[in-house]
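Here are the chains, one letter per residue:
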Protein chains: 2
Amino acid sequence: MACAIKVYLPQDSYEVAISSGYLDVLGEKTSTLGLGKKILLVSNPTVFGHYGERAINSLKSADFDVASCILPDGEQYKNLESLQKIYDAALENRIERSSTMVALGGGVIGDMTGFAAATWLRGIKFVQVPTTLLAMVDAAIGGKTGVNHPQGKNLIGAFHQPQLVLIDPQVLETLPDREFSAGMAEVIKYGIIWDRELFDRMEECDRLDRISAITPDLIEYILNHSCQSKADVVSKDEKEAGLRAILNYGHTIGHAVESLTGYSVVNHGEAVAIGMVAAGKIAVELGMWNPEEAQRQDRLIEKANLPTKLPAGIDIEGIIAALQTDKKVKAGKVRFILPTSIGKVEITDRVTSEVIRRILEQM
Amino acid sequence: MACAIKVYLPQDSYEVAISSGYLDVLGEKTSTLGLGKKILLVSNPTVFGHYGERAINSLKSADFDVASCILPDGEQYKNLESLQKIYDAALENRIERSSTMVALGGGVIGDMTGFAAATWLRGIKFVQVPTTLLAMVDAAIGGKTGVNHPQGKNLIGAFHQPQLVLIDPQVLETLPDREFSAGMAEVIKYGIIWDRELFDRMEECDRLDRISAITPDLIEYILNHSCQSKADVVSKDEKEAGLRAILNYGHTIGHAVESLTGYSVVNHGEAVAIGMVAAGKIAVELGMWNPEEAQRQDRLIEKANLPTKLPAGIDIEGIIAALQTDKKVKAGKVRFILPTSIGKVEITDRVTSEVIRRILEQM
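Residues numbered from 1 in each chain as written. Chains lettered and ligands numbered in written order. Predicted model: local features only at pLDDT ≥ 70, side-chain atom pairs only at ≥ 80, totals over all residues. Heavy atoms only, no water.

Take the overall build of chain A next. Per the secondary structure count, chain A includes 13 helices and 13 strands. The C-alpha atoms of chain A give 20 Å as radius of gyration, which agrees with the globular expectation for 363 residues (21 Å, within 12%). Counting only C-alpha atoms and orienting by the principal axes, one finds that chain A spans roughly 60 × 40 × 40 Å. Counting the 363 residues in chain A, one finds 63% classified as buried. Of the contacts made within chain A by residues no fewer than 6 positions apart, 76% connect residues no fewer than 24 positions apart. The averaged location of the 47 negative side-chain charges in chain A is 5 Å from the averaged location of its 38 positive side-chain charges. (Helix = DSSP H or I, 4+ residues; strand = E, 2+ residues; numbered from the N terminus. Rg over C-alpha atoms; globule rule 2.2 N^0.38 Å. Buried < 20%, exposed > 50% of the residue type's maximum accessible area, 1.4 Å probe, protein only. Contact = heavy atoms within 4.5 Å. Lys, Arg positive; Asp, Glu negative; His and termini not counted. Charge placed at Lys NZ, Arg CZ, Asp CG, Glu CD.)

A word on the packing of aromatic side chains. Residue and element names in this part refer to chain A. Scanning all chains against the criterion turns up 2 aromatic pairs over all chains. Here Tyr-87 and Trp-120 contribute two aromatic rings whose centre-to-centre distance is 6.0 Å and whose plane-to-plane angle is 25 degrees, an arrangement assigned as stacked. Of this pair, Tyr-87 sits in helix H3 (residues 80–92) while Trp-120 sits in the loop between helix H4 (107–119) and strand E6 (125–130); the two residues are 33 residues apart in sequence, bridging distant segments of the chain. Taking relative accessible area as the criterion, Tyr-87 reaches 0% and is therefore assigned buried. (Phe/Tyr/Trp six-rings, centres within 6.5 Å; stacked < 30°, edge-to-face > 60°.)

With that settled, the discussion passes to the pattern of salt bridges. Pairs can form between side chains of opposite charge whenever their charged atoms are close. Under the criterion given, the structure shown has 34 salt bridges over all chains. The partner of Arg296(B) in a salt bridge is Glu203(B), with the nearest N and O atoms 2.8 Å apart. With Arg296(B) in helix H11 (residues 291–303) and Glu203(B) in helix H7 (residues 196–203), this pair connects stretches of sequence that are 93 residues apart. On the accessibility criterion, Glu203(B) (27% relative accessible area) is partly exposed. Connected through shared salt-bridge partners, Asp177(A), Arg207(A), Asp209(A) and Arg210(A) make up one network. (Salt bridge = Lys/Arg side-chain N within 4 Å of Asp/Glu carboxyl O.)

Here Asn154(B) shows up in strand E8 (residues 152–159). Of note is the side chain of Asn154(B), whose polar atom sits 2.7 Å from the side chain of Lys78(B). (Polar contact = N/O pair within 3.5 Å; in protein donor to acceptor, adjacent residues only side chain to side chain.)

Residues and elements named next belong to chain B. One pass over the structure, following the stated rule, counts 0 disulfides over all chains. With no disulfide of its own, Cys-205 has Cys-227 as its nearest cysteine by sulfur position, at a separation of 18 Å. A residue is classified by how much of its surface remains accessible, and Cys-205, at 12% relative accessible area, is buried. (Disulfide = S-S within 2.5 Å.)

This part covers the packing of helix H6 (residues 177–193) of chain B against helix H10 (residues 268–285) of chain B. Residue and element names in this part refer to chain B. At a minimum axis separation of 7 Å, H6 and H10 run at an interaxial angle of 40 degrees. Relative to H10, the element H6 lies oblique. Remark: the crossing between H6 and H10 carries left-handed chirality. For the pair H6 and H10, the contacting residues are Arg-178, Ala-182, Ala-185, Glu-186, Ile-188 and Lys-189 in the first and His-268, Gly-269, Glu-270, Val-272, Ala-273 and Met-276 in the second. Looking at side-chain class alone, the contact of H6 with H10 contains 6 nonpolar, 2 polar and 4 charged residues. (Axes fitted to C-alpha atoms, helices over the stretch in contact; angles between N-to-C directions. Parallel < 35°, antiparallel > 145°, perpendicular 65-115°, else oblique. Left-handed = near helix turned anticlockwise from the far one by under 90°. Nonpolar A, V, L, I, M, F, W, Y, C, P; charged D, E, K, R; others polar.)

What follows is about the pairing of strand E4 (residues 65–70) of chain B. All names here are of chain B. The sheet contact formed by strand E3 (residues 38–43) and E4 spans 6 bridges and is parallel. Each residue of the ladder has a partner; that of Val-42, found in E4, is Cys-69. The β-α-β motif built from E3, the intervening helix H2 (residues 45–61) and the parallel element E4 has right-handed crossover chirality. (Pairing = 2+ DSSP bridges. Right-handed = clockwise from strand over helix to strand, strands pointing away.)

A word on the sheet that holds strand E6 (residues 125–130) of chain B. Residue and element names in this part refer to chain B. One open sheet holds the 7 strands; their spatial order is E1-E2-E9-E6-E5-E3-E4, and the pairing between them is mixed. Two strands close off the open sheet at either side, each with one partner strand: strand E1 (3–7) and E4. Sheet twist, expressed as the average angle between the axes of neighbouring strands with direction ignored, equals 20 degrees. Bridge count for E3 against strand E5 (residues 100–105) is 5 bridges, and the pairing is parallel.

Time to look at the domain arrangement of chain A. Residues and elements named next belong to chain A. When cut into domains, chain A gives domain 1 (3–174) and domain 2 (177–215 + 240–362). Each partner contributes to the interface: domain 1 provides 17 residues, whereas domain 2 provides 20 residues. Taking both partners together, domain 1 and domain 2 bury about 1500 Å²; carbon and sulfur atoms supply 60% of that area. Considering only the side of domain 1, the residues that lose the most area to domain 2 are Leu-133, Leu-134 and Lys-153, jointly responsible for 36% of the buried surface there. Among the salt bridges present, the one from Glu-258 reaches Lys-153, with a minimum N-O distance of 3.6 Å. The interface formed by domain 1 and domain 2 holds 2 residue pairs in polar contact (both at pLDDT 80 or more) in total. Elements with a minimum of two residues in the side of domain 1 that touches domain 2: helix H5 (133–139) and strand E8 (152–159). For the side of domain 1 that touches domain 2, the leading source of residues is E8, giving 5 residues. Of the residues that constitute the side of domain 1 that touches domain 2, the class distribution is 6 nonpolar, 6 polar and 5 charged. (Domains from an automatic or database assignment. Buried area = accessible area lost by both parts, 1.4 Å probe.)

Structure (structure tokens):
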């Protein structure tokens, strides 16, 4: 069953189209957007090996002129050097203002391609074809694009909305289990911050740690509800003035953990899982959330085979210091997103370093 | 006499404030904008040596907390490496979303600082304090920001509007004559594309090649009329959908000449002067403009001590090939801005390579 979610924005509304087998209609869907004929498809060797040919064939059969740019795979390549490679490919293939970039890959490819599209010739159009669960439910929707600074994740970037997000759940079959779990962290996040029904439905499931353990119906349900949650929040707050901050639930400490471990020990979803566990404990400590619900959250995280403890040997003072360079710092105060019940969170800046330290020491 | 020109935009209207001695009220003016307390001032060693202390003192006396980032001077440093240095300084000085960048310098500093501000934490605010005539009348107004790609000028960038453009004509006294002339190229451009009165007023002047040859009144008139011309055009077309393209008069061939000579033989204004002479000749050749007005344009260009001939030995076929990679290419066709009378231009894509070649061979 095909599902189309609309992301409503003042200037750049667009569709998130979800359906099994959609990769083969990429060309057809893209041709309805009224774009120019030239496309630069950006991917990584793994994803391109699995799906590059199908994507290109679909685009070519819709009469697009397609060039491709293959970047090395991994968060460590989400930097200005890789960006330079996209610019080089854009120049070589004479990508014009009317041309389009297509991101075929996970969040790293999506974020970098989006940022390249935002900044090539001061902005051209782009289409997201996310191939990881994480990118499908999170990175591909919302228009956040960018690269990492050696000392901080996503410090360099721009808001740039795609023309279309095309999601084919079938491509998850080649996704490694650990990557699948990482995506589940964001799905669980939507349950906590926005969609209690999604949370309840996931609780009925025995395991959430691999695509083969979940029925196609449930995967579709999860994708629809997650994308709808993100679309709801983003539509109400395009540029993170207020509400959108709730999407950062679990990310405050999560980013610090990723940064301190050099983006290699834990992946983004695992870091967010740790961050959600920590945020849950902080909320309980401050009397904002009841401990039973916090435990339900943690059990769901475990069911997805995600970590609930800090990586061994991590420097807790380092985490606390890193929070100060986070984008979410405002006038020196760290803002936390904390649950008050499943499906509802609040934003607060009254979490002291002492509380953070105490909670982290328990983890 | 202080003059304030308003640039009207749907979301980010701002003021261009022009007056002798205004550098000392930078802090006061900036403090009226409701920005955060932290400022990163970006400049180059030459300009910072002349005016850095005054700018910083003015900001500090208005209670701002100011850090500075000094980049090497010159168009050849307008690249991703210099950008990285601004990002590093932003990280080091904990520049937050509520912080502001201030560009103190010419177009290179302004464009890079604006792009850094557009992309640091996905966009923070910035103020332009242009110190060259070229930057005052052109680069600082309009929100175009960016860096060069090794193979093409301004290929990487973003639209990002400043909160304020502060112009102090006094700082032109330390500007080298060649740089002053370069700025006059853009002033002459406004006369041709928009403001016949400005053109006529300049014709009354004996020489336009140095600040000391021009009365303070005329300089103020020139700054006001040039900034007003740019503000008029930009207000009507923020993102270069249509009208704004006329600002590229002289730039089509100009950019190719700059690029082919490695951005070292001629500066931007000189390249634009050459481009305007070429565009004028093409317009006459196509019967769009009368040859007497074209000659008046060329005489004004000579009065500003700007070139009217191509640099010796330049590869004409190289220019024609370079036009194909220009941002202004649309579906493979090069768009030219051509005068029809002084103060009025038209956009056309009917200029063939043969015509371009014939005209360039005469130059």
